[in-house]
Amino acid sequence: MADNQKKHDPAKKAPKIQAVSRMKEIMTNYYIDAKTAREQGKKVAWITSGGPVEPLIAMDVIPVYPENHGAMIGASKMGAQLCEKAEEMGYSRDLCSYARADIADSVEKTGPIGGLPEPDMLVCCNNICGTVLKWYETAARYFNVPLFILDTPFVHREFSDSARKYVLSQIYEYIGFLETHCGTKMDYDRMEEVGRLSVEGTGLWQAVLDTCAHRPAPMTAFDAFFHLALIVTLRGTQTAVDYYRQLHDELNQRIANGVSMVPDEKYRLLWDNLPVWYKTRWLSEKFAAHDAALVADTYTSAWSGMLPDMNGQTFLEAMAETYTKVYINISIDMMFDIVANMIEKYHVDGMVMHSNRSCKPYSLGQYDLRQMIMDRLGVPTLIIEADMVDERAFSESQIDTRIDAFMETLKS
Amino acid sequence: MTPAERFRSVWRDPAGYGRSVKQETGRSILGFFCSYAPVELIYAAGILPLRLFGTRGEISLADTHLQSYCCSLVRGGLEDALKGNLDFLDGAVFPHTCDSIQRLSDIWRLNAGFAHHFDAVLPVKLNTQSARQYMIDVLSGFCRELETAFGKQIRDADINAAICAYNQIRKQLKAVYALRSQKPGLFEPSAVHWIMTAAMVMEPAAFLRDITAFLDQIGSSAGDAPQTGRKRLMLAGGICTHPDVYDLLARAGADVVWDDLCTGARYFEGTIAEDAKDPLAAVADRYLSRSVCPAKHADITARGRHLVDAAREQGVDGVVFLQLKFCDPHAFDYPYLKQFLDSAQIPSLLIEIEDQPPPGEQLLTRLETFVDML
Ligand code: SF4
Ligand code: SF4
Ligand code: SF4
């Protein structure tokens, strides 16, 4: 430990965010609901984290997120064990650890919640990666249930008119798919209402993240990783709207009372890529010990980036563009523009990039992005090699040293 | 040079071939990495489409841009571009397939410094009407981009002529495959691999002349070729590029008689309707009906069925999967493909290839054990 790095002082810890307990309660209820869907006569759909969940909510289908499940597995430190199981099943160790862990748990049911509720149907949107396509094909074969793919063409330079037409027609195909497999018609008024709640919830999520533009920040990215769960899983519900309003109020109150998450916040950092789920506590304390706060990240803001530009369109129409242009479905140069904005908005002094061997679309290109950030903005950047769920890919001593060295350069 | 010698020399040094075409004819050349690159359209624009396979040498420059957990095709392709090994190219076209190629396109565009860069963001779904329409739109947009970049109009007649040329090539390659399956002893172990590489690199008209001459010549001696009495193997895994493993397999006592590789049988699968009113739709329809690449989506068990059918049709004794390290789409399909083979009682073996295949002797022992067991 470097000389001028303080020992972690528990007495100096900032007060916890109160809303956390409400969040846990909501998530528990949500999983109980999902696990007992059959008894309630409801259908369960598995859906990707970047997928359009709103039509499912409007059709009263319970959405379940294997990626959220992957994150839970990671946070419970069950990642390596389930990943190894998948490797025994023939899945290469180089595949995404969310997919490996979830595929293994579908069979083993030894994960933190004893396996996800089985799907009646699968909805996969490839706006985050090609991995989900393969993962959902695997699930469709294993559970023998219908699979809908929403194909959102990658945006290298522009979102073309033909891509817009293609995605929009698929949105109507998606609704047709739901109508067939639910045996009911879509209520389009209800759909617009869900859309309105989704926009409202997403806007509130952005407002929550924006509180960190304040110096010192009332929470950090590590908190955002936790509070993210609802905007992913319950987007489009009143529950999410109410919750984020409560959280937003509380964070504003913290600002008013001068409460910051990192007691002596001096350095403000931006995090890139998924969290390292099994090491969030360690990393959070590590940075705090250097008086550094992670005030923003490209990951949790990907969902507020989904705030559609309504422009007089219906929600379904706006959805086509919004879901196609999410953060990791765009080119490196377009990503740079977004990161540059965040660096300015949140007054960022340095960037920490998680080079995540599980997630190729997020991580390949980081070296170029980093070079642009250093050359054009003069912001120093640290790269940490790890994996979000598979703890075998995390070398604590090496990362510890690298963070210390990086913080020394920031301080000098 | 005999045709066979030419195929081998093109395989050994594809860039050397490209450079000589450039020097002799000044012709525009576009590189590509994947069999979803619409070569017919590139050729119709008077441009030579030339497939890239990535360097077989050391990676150094690409390390500044790509992490180590990225397949060797992507890393090796970038290395070649940054080193100047591809200086004869006017640019490259990137059809959308896997996550790694998608990012390579960005990195290439930002760093490789070629005059032209094309992204053909084809649909990932290949089994719906709207995807078909979108694919036609993308192909048509690609034609417009080519026209603007190279100042040449592409007429339907040009596309139809290109379609005919490639259909002929596909037909001849199919004949080569059929002959090898009947009489594996006629061919050197790697000969067909060299032919396939040459087919994706050489000027189409020149290749067609050579392959036709080659078939005439080898076909005339086919009658005398004895049966080898060796085990019959099929290669699968369909990786985008693969090293020469044929000699090792031969030493292990087996003939490769068929494959399910993109640089093999998948390349000539399916012909395109000739003289179609809408040639772009005809090109699209081949892509939609061809057996699906794992980076694309159609029927979710089609690849498994296709593999088992091909293995039975060709009467193979076993299947060897080649898997390129860090290749997600193919690695995801492996367990299910293996399961399909297992249920059909067709033995299989998985070989993982990093940049190079595992050390020769060690691999040879594994292959021998596998072949003995068949
Ligand atoms: S972590 Fe990356 S590769 Fe894995 S599912 Fe998420 S976006 Fe896809
Ligand atoms: S396997 Fe797929 S990605 Fe690879 S070259 Fe073939 S079509 Fe392209
Ligand atoms: S499909 Fe596989 S081998 Fe081909 S470029 Fe992608 S990762 Fe590499």
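Chain B appears in an unreviewed UniProt entry as Bcr-type benzoyl-CoA reductase subunit C from Desulfosalsimonas propionicica. Per UniProt, the comment on chain B under Sequence similarities (unreviewed entry) is "Belongs to the FldB/FldC dehydratase alpha/beta subunit family."

Per an unreviewed UniProt entry, chain A carries the name Bcr-type benzoyl-CoA reductase subunit B and comes from Desulfosalsimonas propionicica. Database annotation for chain A, UniProt heading Sequence similarities (unreviewed entry): "Belongs to the FldB/FldC dehydratase alpha/beta subunit family."

Colleague: Can you help me understand the site of ligand 1 in this one?
Modeller: All names here are of chain A. Taken together, E67, C96, I128, C129, T131, V132, W135, L274, S358, C359 and M388 make up the full set of residues adjacent to ligand 1. Looking at which element gives the most residues to the shell around ligand 1, the answer is helix 6 (residues 131–143), with 3 residues. When its residues are assigned to classes, the shell around ligand 1 shows 8 nonpolar, 2 polar and 1 charged.

Colleague: Where do I start with the packing of aromatic side chains in this structure?
Modeller: How two aromatic rings sit relative to each other is set out by the distance from centre to centre and by the angle between their planes. The tally for this structure, following the rule as stated, stands at 35 aromatic pairs over all chains. Here W205 of chain A and Y244 of chain A contribute two aromatic rings whose centre-to-centre distance is 5.1 Å and whose plane-to-plane angle is 55°, an arrangement assigned as tilted. Placement of W205 of chain A in helix 8 (residues 188–210) and of Y244 of chain A in helix 11 (residues 238–256) is noted, with a sequence separation of 39 residues between them. Both residues of the pair, W205 of chain A and Y244 of chain A, count as buried. Cluster of aromatic residues (ring-pair linked, three or more members): F222, F225, W271, W277, Y299 and W303 of chain A. Across from the ring centre of Y336 of chain B, 3.6 Å away, lies the NZ or CZ of R141 of chain A, which sits over that ring. Across the ring face of Y177 of chain B, the terminal group of R180 of chain B is positioned such that the distance to the ring centre comes to 4.8 Å.

Colleague: I'm lost on a negative patch on the surface in this one. Help?
Modeller: Residue and element names in this part refer to chain A. There is a patch of like negative charges on the surface, built from D187, D189, E192 and E317. In this structure, D187 sits in the loop between helix 7 (161–182) and helix 8. The exposure class assigned to D187 is partly exposed, which follows from its relative accessible area of 42%.

Colleague: Hey, could you run me through the interface of chain A and chain B in this one?
Modeller: The figure often quoted for interface size is the accessible area lost as the parts come together. Contact residues are listed per partner, giving 53 residues for chain A and 47 residues for chain B. Summing both partners gives a buried area of about 4,200 Å² for chain A against chain B, and 57% of it is carried by carbon and sulfur. There are 6 salt bridges connecting chain A and chain B. Counting across the interface, chain A meets chain B through 27 residue pairs in polar contact (both at pLDDT 80 or more). Among the secondary structure elements, those contributing two or more residues to the side of chain A that touches chain B are helix 5 (97–108), helix 6, strand 4 (147–150), helix 7, helix 15 (332–345), strand 7 (350–356), helix 16 (360–363) and helix 17 (366–377) of chain A.

Colleague: Can you help me understand the sheet that holds strand 5 (residues 267–272) of chain A in this one?
Modeller: Strands pair in a sheet through their backbones, by hydrogen bonds, and they do so in one of two ways: parallel or antiparallel. All names here are of chain A. Here 4 strands make up an open sheet; going across it, the order is 6-5-7-8 and the pairing parallel. The open sheet is flanked by strand 6 (292–297) and strand 8 (381–386), the only strands paired with a single partner. Mean inter-strand twist for the sheet, computed between neighbouring axes without regard to direction, equals 30°. Pairing of strand 5 with strand 7 involves 4 bridges; the strand directions are parallel. In the sheet register, L269 faces strand 7, and the bridge partner there is G350. Sheet contacts for helix 17: strand 5, strand 7 and strand 8; angle to strand 7, the most-contacted strand, approximately 175°. Where helix 18 (residues 396–411) meets the sheet, its contacts fall on strand 5, strand 6, strand 7 and strand 8, and the angle it forms with strand 8 comes to roughly 175°.

Colleague: I keep staring at the site of ligand 3 and nothing clicks. Help me out?
Modeller: Ligand 3 sits among C71, L73, V74, C98, I101, C240, L324, C327 and P329 of chain B. Here the shell around ligand 3 is composed, by residue class, of 9 nonpolar, no polar and no charged.

Colleague: Can you walk me through unusual backbone geometry in this structure?
Modeller: The residue after R215 of chain A, namely P216 of chain A, is reached through a cis peptide bond having omega 0°. Within the element layout of this structure, P216 of chain A appears in the loop between helix 8 and helix 9 (221–227). With a phi angle near 60°, D291 of chain A is a residue other than glycine that sits in the positive phi range. With respect to the helices, strands and loops of the structure, D291 of chain A is situated in the loop between helix 12 (280–289) and strand 6. The exposure class of D291 of chain A is buried, given its relative accessible area of 8%. A positive phi is found at F326 of chain B, a non-glycine position, where the angle reads about 70°. Residue placement: F326 of chain B occurs in the loop between strand 7 (318–324) and helix 14 (328–343).

Colleague: Just to check I follow, could you spell out the state of the cysteines for this structure?
Modeller: Such a bond, covalent and formed between the sulfur atoms of two cysteines, is termed a disulfide. Tallied over the entire structure, the rule returns 0 disulfides over all chains. With no disulfide of its own, C125 of chain A lies closest to C124 of chain A among cysteine sulfurs, the gap being 7.2 Å.

Colleague: Is there a simple way to explain the pairing of strand 6 of chain A in this structure?
Modeller: Working note: regular strand, side chains alternate between the two faces of the sheet. All names here are of chain A. Extensive coverage of strand 6 is indicated by the burial of 6 of its 6 residues. As paired elements, strand 5 and strand 6 share 5 bridges and run parallel to each other. The residue bridging R268 from the neighbouring strand is A293, located in strand 6. As a crossover connection, the stretch from strand 5 through helix 12 into strand 6 is right-handed.

Colleague: I keep staring at a positive patch on the surface and nothing clicks. Help me out?
Modeller: The grouping of K13, K16, K24, K77 and R281 of chain A at the surface amounts to a positive patch. With respect to the secondary-structure elements, R281 of chain A resides in helix 12.

The rules we used
Residues numbered from 1 in each chain as written. Chains lettered and ligands numbered in written order. Predicted model: local features only at pLDDT ≥ 70, side-chain atom pairs only at ≥ 80, totals over all residues. Heavy atoms only, no water. UniProt positions renumbered as here; feature names shortened; annotations may be inferred. Near = heavy atom within 4 Å. Helix = DSSP H or I, 4+ residues; strand = E, 2+ residues; numbered from the N terminus. Nonpolar A, V, L, I, M, F, W, Y, C, P; charged D, E, K, R; others polar. Phe/Tyr/Trp six-rings, centres within 6.5 Å; stacked < 30°, edge-to-face > 60°. Buried < 20%, exposed > 50% of the residue type's maximum accessible area, 1.4 Å probe, protein only. Lys NZ or Arg CZ within 6 Å of the ring centre and 35° of its normal. Patch = residues over 30% accessible without salt bridge, like charges linked within 9 Å, V, L, I, M, F, W, Y side chains within 5 Å. Areas by Shrake-Rupley, 256 points an atom, 1.4 Å probe, with all protein chains shown as cover. Salt bridge = Lys/Arg side-chain N within 4 Å of Asp/Glu carboxyl O. Lys, Arg positive; Asp, Glu negative; His and termini not counted. Charge placed at Lys NZ, Arg CZ, Asp CG, Glu CD. Contact = heavy atoms within 4.5 Å. Buried area = accessible area lost by both parts, 1.4 Å probe. Polar contact = N/O pair within 3.5 Å; in protein donor to acceptor, adjacent residues only side chain to side chain. Pairing = 2+ DSSP bridges. Axes fitted to C-alpha atoms, helices over the stretch in contact; angles between N-to-C directions. Disulfide = S-S within 2.5 Å. Right-handed = clockwise from strand over helix to strand, strands pointing away.

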